[in-house]
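Summary of the model geometry
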Amino acid sequence: MFFLAFVERLFRPTFKKVGDDLVLGKKLGEGAFGVVYRASLAKKPSSKVPYQKEGDLVLKKATEYGAVEIWMNERVRRACANSCADFVHGFLENSSKKGAEYWLIWRYEGEATLYDLMQSKEFPYNVETMMLREVQDLPRGLERENRIIQTIMRQLLFALDGLHSTGIVHRDFKPQNIIFSEGSRTFKIIDLGAAADLRVGINYIPKEFLLDPRYAAPEQYIMSTQTPSAPSAPVATALSPVLWQMNLPDRFDIYSAGLIFLQMAFSGLRSDSALIQFNRQLKRCDFDLNAWRKSIEPRASSDLRKGFELLDLDGGIGWELLTSMVRYKAGQRISAKGALAHPYFDREGLLVLSLMQ
Ligand code: ADP
Ligand code: MG
């Protein structure tokens, strides 16, 4: 494949042995396409290491899809650095016993993903503590929870808007791929392994098998199947923005972001099994959230009732935003930019963030 060859040529000569200078720590994750470790630099790294000052690192050893992930991270670093975890370096490592592997290095952002934080009974107050250091004086309750969730959603949409404005669709947007950065005390996106860069056509053909069915929008593919002759290799830049307009592929991520919003509001939907069950129910309602609500509310558990109450605050503005994100037709979903301008994010209600400190 042209693109792999390109990346190989780009990285092989200079950084062939850079991997020798890394000391691996704890394994952080293992997927079908790579293994992720905490890492640090060797005490005396050789002079050719291009990331001498970085401190704690994260290393992903990836299969052939690592090439695309390197491409995406390089692009993000140049175009919308704040959206994603700080990318340090990516290269092809040939010395491993298994043959060629792509190695990707990021700065270690922190220990908790949004998924980890949502599994705690303390959510969303645990997030508030991490963002503000000092806990607010306000009494615990729906209003305060809603404010914290607003702040998280705003950060997620802001990061997504950065990616989308750059021409990148993430396609695997889920709590496991959102890391809390202890440095900036904000959430950042990670794992661009399934992302597509539509401006230059990288990874244009959707790899459905990379998508997580729990968070995937019903269309499953970022492009409608009617798109004429989808190119399989990098394609002329001029074509892509038009396709972007026609098909609104960014709305794939918006659907996933809506499901994350839903899980934050409804504690009873945070587990994998509950989300899978919800997806089944929503499908039965033809992906109409209002119909789902009608079917579920009369016999709702107290957990679910609390979620509806939270989204109904301020005249139901949260519910309105949620229903404009989780829709069957991509074209009817709000964009990340549109969502950020939604009255749900009325500035008054938002948590004052670390910027103030
Ligand atoms: P995978 O392909 O295995 O899903 P990810 O890129 O999502 O790979 O990383 C796996 C896990 O490693 C994440 O869920 C997160 O816990 C951790 N991780 C990844 N990148 C970072 C980072 N920059 N800082 C801290 N932890 C990270
Ligand atoms: Mg991941």
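None of the values given here were measured: they were computed from a predicted structure. (Residues numbered from 1 in each chain as written. Chains lettered and ligands numbered in written order. Predicted model: local features only at pLDDT ≥ 70, side-chain atom pairs only at ≥ 80, totals over all residues. Heavy atoms only, no water.)

1. Structural notes on the confidence of the model for the protein
For clarity, the cut-off: One number per residue, pLDDT, summarises how confident the predictor is, and it ranges from 0 to 100.
Of all residues in the protein, 76% attain a pLDDT of 70 or more, and the chain-wide mean is 84. Interface confidence for the predicted complex, given as ipTM, is 0.99, next to a pTM of 0.87.

2. Overview of the site of ligand 1
Formally: Definition of nearness: a residue and a molecule or strand are near each other if at least one heavy atom of the residue lies within 4 Å of the molecule or strand. Contacts described as polar in this section are N or O atom pairs within 3.5 Å, which, within protein, must combine one atom able to donate a hydrogen with one able to accept it, while residues neighboring in sequence count only if both atoms come from side chains. Using a 1.4 Å probe, accessible areas were evaluated by the Shrake-Rupley method; residue-level cover was limited to the displayed protein chains. The distinction between a cavity and a pocket rests on a 1 Å grid over the protein atoms alone: a 1.4 Å probe fits inside a cavity but cannot get out, while a pocket stays open yet meets protein on both sides within 12 Å along at least five of seven lines, and a residue with an atom within 4 Å of a point counts as lining. To be counted as sitting in a cavity or pocket, a molecule needs more than half of its atoms within 2 Å of that site's grid points. Helix and strand labels come from DSSP, where a helix needs a run of H or I of at least four residues and a strand needs a run of E of at least two; each type is numbered from the N terminus. Residues are grouped as follows: Ala, Val, Leu, Ile, Met, Phe, Trp, Tyr, Cys and Pro are nonpolar; Asp, Glu, Lys and Arg are charged; every other residue, Gly included, is polar.
The immediate surroundings of ligand 1 are formed by 17 residues, with Lys60, Arg107, Glu109, Asn177 and Asp191 found nearest. Between Lys60 and ligand 1, the recorded distance is 3.1 Å, taken from a side-chain N or O atom to an oxygen atom. Between Glu109 and ligand 1, the recorded distance is 2.9 Å, taken from a backbone N or O atom to a nitrogen atom. For ligand 1, whose accessible area on its own is 550 Å², the fraction buried by protein is 84%. Of all the cavities here, the one that holds ligand 1 is the largest pocket. For the shell around ligand 1, the elements supplying multiple residues, two or more each, are strand S1 (22-31), strand S3 (57-62) and strand S5 (101-107). Taken together, the residues of the shell around ligand 1 break down into eight nonpolar, five polar and four charged.

3. Here's the deal with the layout of surface pockets
Under the convention used in this document: Grid points are joined across faces, edges and corners, and a volume is the space filled by probe spheres set on the points.
When its volume is computed, the largest pocket comes out at roughly 1000 Å³. Lining the largest pocket are 40 residues, and of these Val36, Lys60, Asn177, Ile190 and Asp191 sit closest to its centre. Sorting the residues of the lining of the largest pocket by element identifies S1, strand S2 (34-41), S3, helix H2 (66-79), S5 and helix H3 (114-119) as the ones contributing at least two each. The element best represented in the lining of the largest pocket is S1, accounting for five residues.

4. Let's talk about the sheet that holds strand S4 (residues 87-93)
Test applied: Only strands that DSSP links by at least two bridges are regarded as paired with each other. Here, axes are lines fitted to C-alpha atoms. For helices the fit covers the stretch in contact, and angles between N-to-C directions go from 0 to 180 degrees. Contact criterion: two residues are considered in contact whenever any of their non-hydrogen atoms come within 4.5 Å of each other.
Pairing within the open sheet is antiparallel, and its five strands lie in the order S1-S2-S3-S5-S4. The sheet is open, and its two edges are formed by S1 and S4, each paired on a single side. On average, each strand axis in the sheet is tilted by 25° relative to the strand beside it, whichever way the strands run. With seven bridges joining them, S1 and S2 adopt antiparallel strand pairing. Across the sheet, residue Leu24 finds its bridge partner in S2, namely Ala39. Sitting on the sheet, H2 is in contact with S3, S4 and S5, with an inclination near 30° to S5.

5. Observations regarding the pairing of strand S8 (residues 186-189)
Relative to S8, strand S7 (residues 178-181) is paired through four bridges, and the arrangement is antiparallel. Considered in S8, the bridge of Phe180 is made with Phe187. Connecting the antiparallel pair S7 and S8 is a turn made up of four residues, with Arg185 showing a positive phi of about 50°.

6. Points about the environment of Tyr102
Positionally, Tyr102 belongs in strand S5. Sequence separation between Tyr102 and Arg185 is 83 residues, and the spatial gap between their C-alpha atoms is 29 Å.

7. Comments concerning helix H7 (residues 251-265)
As a reminder, the rule being used: How far a helix is expected to stretch is found by multiplying one less than its residue total by 1.5 Å. Note on classification: 1.4 Å probe, protein chains only; a residue is buried when its accessible area is under 20% of the maximum for its type, exposed when over 50%, partly exposed between these limits.
Over its 15 residues, H7 extends 21 Å from the first C-alpha to the last, a length consistent with the 21 Å expected when each residue adds 1.5 Å. By the criterion of burial, H7 is predominantly enclosed, with 15 of the 15 residues buried.

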